[in-house]
Amino acid sequence: MQRIHTDRLRTASIAALTRLGTPPDLAEIVAHSLIEANLVGHDSHGVMRLTQYADMVKRGQIRPAERHEAAMLHRAAARVDGHWGWGQPAALAATELCIGMARQQGMAAVTVTNCNHVGRLGEYVEMAARQGLIGLAFCNSGPTVAPHGGRTRLLGTNPIACAVPRAGGDPVLIDMATSGTAEGKLRV
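This section reports on the structure supplied with the text. Everything quoted here is computed from the prediction, not taken from an experiment.

Side note on the overall build of the protein chain
A tally of helices and strands in the protein chain yields six helices and six strands. Secondary structure of the protein chain in N-to-C order comes out as α-α-α-β-β-α-β-α-β-β-β-α. For 188 residues, the compact-globule formula gives about 16 Å, and the C-alpha radius of gyration of the protein chain, at 17 Å, lands near that figure. When the backbone C-alpha atoms are referred to their principal axes, the protein chain occupies close to 45 × 45 × 35 Å. Every one of the 188 residues in the protein chain was classed for burial, and the buried ones make up 37%. Residue pairs at least 24 apart in sequence account for 53% of intrachain contacts in the protein chain once pairs closer than 6 positions are excluded. When the accessible surface of the protein chain is split by element, carbon and sulfur atoms take 55% of a total near 10900 Å². Of note, the protein chain has its 19 positive side-chain charges centred 5 Å away from the centre of its 15 negative side-chain charges.

As structure tokens, then:
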């Protein structure tokens, strides 16, 4: 397997994303998320997704220049509208907003709507756990799984992630699909 230095990979990823029409600040967030997934051993959510993302941009599923918009619903509840732009910046904004509200209110919930692939869910819950909070994330997905005994794809992989802080060490992190095999593992 060929190894590529992260600086070179980051430069190439940002260049690819900006060529797709992504503003540099958003390209940096998406590239960082993809590369971090590779670095923690989840190649299924790493830079291999760039070709999929490029196809999604060409088909109009991802609007690369769109920016998310947050709306407070209550002191401990908010919504982030992704406007069908990149999922990672919307999910990052939702996580940062949720952490801030939870610090003030004791707990909080943020939903993300009109969003594309957010990358590895564990990235976001780990952010909360590293700040002494418990992070939970749930994500829906399109039909890619046939129910037990079935032949037709009717269910999503619907990932779930949870991270809890641990004194003196890294957080305990669970990041999984609800299917027998994660869709990204099949791509790898």
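Side note on the sheet that holds strand β5 (residues 160-166)
Ordered by their spatial adjacency, three strands build an open sheet running β4-β5-β6, and the pairing between neighbours is antiparallel. Edge positions in the sheet fall to β4 (135-138) and β6 (169-176), since each has one partner strand and no second. Averaged over all adjacent pairs, the angle separating strand axes in this sheet is 10°, with direction ignored. Judged from the four bridges that link them, β4 and β5 form a sheet pairing that is antiparallel. For Ala-137, the partnering residue across the bridge sits in β5 and is Ala-161. Together, β4, β5 and β6 form the strand contacts of helix α5 (residues 122-129), whose direction differs from that of β5 by roughly 25°.

Here we look at the layout of surface pockets
In this model, the second largest pocket occupies a volume close to 360 Å³. The wall of the second largest pocket is formed by Met-1, Gln-2, Arg-3, Ile-4, Thr-6, Leu-9, Ile-35, Asn-38, Leu-39, Asp-43 and Val-47. For the lining of the second largest pocket, the secondary structure elements donating two or more residues are α1 (6-19) and α2 (24-39). With three residues, α2 is the largest single contributor of residues to the lining of the second largest pocket. Broken down by class, the residue content of the lining of the second largest pocket amounts to six nonpolar, three polar and two charged.

Observations concerning unusual backbone geometry
Although it is not a glycine, Trp-84 sits at a positive phi angle of roughly 60°. Along the chain, the position of Trp-84 falls in the loop between β2 (77-81) and α4 (87-105). The exposure class of Trp-84 is partly exposed, given its relative accessible area of 34%. The phi dihedral of Asn-158 is positive, around 35°, even though this residue is not glycine. Within the fold, Asn-158 resides in the loop between β4 and β5.

Quick word on the side chain of Ser-44
Note on placement: Ser-44 falls in the loop between α2 and α3 (49-58). On the basis of relative accessible area, Ser-44 is assigned to the buried category, the value being 2%.

Let's talk about the sheet that holds strand β1 (residues 69-74)
The strand order across the open sheet formed by three strands is β1-β2-β3, and the pairing between neighbours is mixed. The outermost strands of the open sheet, each flanked by one partner alone, are β1 and β3 (109-113). Across the sheet, the mean angle separating the axes of adjacent strands is 20° when strand polarity is ignored.

A word on the pairing of β2
Note on strand geometry: in a regular strand, side chains alternate between the two faces of the sheet. Looking at chain direction, β1 and β2 are connected through five bridges and run antiparallel. Note that in β2 the partner of Ala-71 across the bridge is Arg-79. Here β1 folds back onto β2, and the loop between the two strands holds two residues. Where β2 and β3 come together, five bridges link them in parallel fashion. Counterpart to Asp-81 in the pairing with β3 is Thr-113. With respect to chirality, the unit in which β2 leads through α4 into the neighbouring parallel β3 is right-handed.

Scoring rules and cut-offs
- Residues numbered from 1 in each chain as written.
- Predicted model: local features only at pLDDT ≥ 70, side-chain atom pairs only at ≥ 80, totals over all residues.
- Heavy atoms only, no water.
- Helix = DSSP H or I, 4+ residues; strand = E, 2+ residues; numbered from the N terminus.
- Rg over C-alpha atoms; globule rule 2.2 N^0.38 Å.
- Buried < 20%, exposed > 50% of the residue type's maximum accessible area, 1.4 Å probe, protein only.
- Contact = heavy atoms within 4.5 Å.
- Areas by Shrake-Rupley, 256 points an atom, 1.4 Å probe, with all protein chains shown as cover.
- Lys, Arg positive; Asp, Glu negative; His and termini not counted.
- Charge placed at Lys NZ, Arg CZ, Asp CG, Glu CD.
- Pairing = 2+ DSSP bridges.
- Axes fitted to C-alpha atoms, helices over the stretch in contact; angles between N-to-C directions.
- 1 Å grid on protein atoms, 1.4 Å probe; cavity = no way out; pocket = protein on both sides within 12 Å on 5 of 7 lines; lining within 4 Å.
- Points joined across faces, edges and corners; volume = space filled by probe spheres on them.
- Nonpolar A, V, L, I, M, F, W, Y, C, P; charged D, E, K, R; others polar.
- Right-handed = clockwise from strand over helix to strand, strands pointing away.

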